[in-house]
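Listed below are the residues making up each chain.
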Amino acid sequence: MSIKKNRLLCIQPQGFGDQVMMLHSLSVLRKHYPEVVFVIVCSSKVSYELTSLWTANEDSLFLLNKKKLSSIVSLLLRIWRVKPYISYVVPYTNLFFGQLISFLSLSKIRIGERQTIPIIGFNRTPPQAEKDKKHKSYQHIALLRLYFKRLPKNPEFTELDYRGLPGSRMGRRTNRANSFVGIHPGCDSKSLYKRWPAEKFTELIQIILDKTDAEVFLFFGPDELDIMHMFKNNSSRVIECINQPIEGVLTALSRLSILLTTDSGLGHLASSVKIPTF
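Overview of a nonpolar patch on the surface
Judged by side-chain polarity, Leu69, Val73, Leu77, Trp80 and Leu106 come together as a nonpolar surface patch covering roughly 510 Å² of accessible area. Within the secondary structure, valine 73 is located in helix 3 (residues 69-82). For valine 73, a relative accessible area of 41% corresponds to the partly exposed category.

A look at the pairing of strand 7 (residues 215-220)
Of all six residues in strand 7, six are buried, a share of seventy percent or more. The side-chain alternation of strand 7 yields two buried faces, one formed by Glu215, Phe217 and Phe219 and the other by Val216, Leu218 and Phe220. Across four bridges, the pairing between strand 6 (residues 180-184) and strand 7 is parallel. Bridge pairing links glycine 182 to phenylalanine 217 in strand 7.

A few points about the sheet that holds strand 6
Strand order in the open sheet formed by four strands is 8-7-6-9, and the pairing between neighbours is parallel. Of all strands in the sheet, those with a lone pairing partner are strand 8 (238-242) and strand 9 (258-261), marking the two edges. Adjacent strand axes in the sheet meet at a mean angle of 20 degrees when their direction is disregarded. Relative to the sheet, helix 8 (residues 246-253) contacts strand 7, strand 8 and strand 9, its axis offset from that of strand 7 by approximately 155 degrees. Strand contacts of helix 9 (residues 265-272): strand 6, strand 7 and strand 9, with the helix running at about 160 degrees to strand 9, the strand carrying the most contacts.

Overview of the confidence of the model for the protein chain
Residues with a pLDDT of 70 or more make up 88% of the protein chain, whose mean pLDDT is 85. Averaged over each element, pLDDT in the protein chain is lowest for helix 6 (residues 169-174) (42) and highest for strand 5 (residues 109-111) (96). Under a pLDDT of 50 for its full length, residues 167-177 has, in the predicted model, 18 contacts with residues more than four places off or in other chains.

A short note on the packing of aromatic side chains
Evaluated as defined, the whole model comprises eight aromatic pairs. Their ring planes at 70 degrees and their centres at 5.0 Å tell us that tyrosine 33 and phenylalanine 148 sit as a pair that is edge-to-face. Residue tyrosine 33 is located in the loop between helix 1 (16-32) and strand 2 (37-42), and its partner phenylalanine 148 is located in the loop between helix 5 (136-144) and helix 6; the two are separated by 115 residues in the primary sequence. The same class applies to tyrosine 33 as to phenylalanine 148, namely buried. Summarising the aromatic geometry, the rings of tryptophan 196 and phenylalanine 201 are spaced 5.0 Å apart at their centres and angled 85 degrees between planes, so their arrangement reads as edge-to-face. You can call phenylalanine 201 buried: its relative accessible area is 3%.

Here's the deal with the side chain of serine 105
Position of serine 105 among the secondary structure elements: in the loop between helix 4 (95-104) and strand 5. Given the relative accessible area of 2%, serine 105 is considered buried. Every residue in contact with serine 105, bar those within four places of it in the chain, is listed here: Leu9, Leu76, Ile79, Trp80, Pro84 and Ser87.

Rules and cut-offs
Residues numbered from 1 in each chain as written. Predicted model: local features only at pLDDT ≥ 70, side-chain atom pairs only at ≥ 80, totals over all residues. Heavy atoms only, no water. Patch = residues over 30% accessible without salt bridge, like charges linked within 9 Å, V, L, I, M, F, W, Y side chains within 5 Å. Areas by Shrake-Rupley, 256 points an atom, 1.4 Å probe, with all protein chains shown as cover. Salt bridge = Lys/Arg side-chain N within 4 Å of Asp/Glu carboxyl O. Helix = DSSP H or I, 4+ residues; strand = E, 2+ residues; numbered from the N terminus. Buried < 20%, exposed > 50% of the residue type's maximum accessible area, 1.4 Å probe, protein only. Pairing = 2+ DSSP bridges. Axes fitted to C-alpha atoms, helices over the stretch in contact; angles between N-to-C directions. Contact = heavy atoms within 4.5 Å. pLDDT = per-residue confidence, 0-100. Phe/Tyr/Trp six-rings, centres within 6.5 Å; stacked < 30°, edge-to-face > 60°.

Listed below in structure tokens is the structure:
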């Protein structure tokens, strides 16, 4: 691959969990194409902070606020300086927005799930027969294979490597005398229907305290601050992790034997570092 053709623009204007799944697939890409330089667009501060722990020094990382025209213009100016050869818009993104940014990035290869805008839309899309529903990490791989032919169809996704954090997390967990059970009772504020009732979680916490010697880590992010009062527990074995920066969350996760959560970004993050997650 020519040095001029190794810059990949990844546009991911979605949630935190979606960002984690994309990083899984980009890790596979980096393994098979170590010469690729990533230019990654994030949609939230926490996604930006997490991705900054994964990227290499030569990669570029941008934070986008889709609701502000000034942010979009600033993003395009910075992308033009980087000059990506390939752009990749992740599945489920607003197709009009994704194709427009991809075209305006001046990328020669524009990869996406489906072309809906003639001429300026994506120029690499999968055949209709290949658009079946897959886990999103495998969807990423299928789309990236439209250009990166050496990628395996069904790769094994390994533990993500976040820069600056201790390694061998699984080894540290199995060597500890105490067990640590993580519980995250929330989810994205836009998907409250995914929440398990708070009283069910409190019952579960009490069962863990009564039936085991485990300590319980309770995780509360910005979307759970309104329900924190429902989880007050005087036990010294209950530890609260409240609105911590991403490094603090990863450090807390690394101590866990297991995490119990709903369909949440934290669940995807725990799974990405091989914490058994249910």
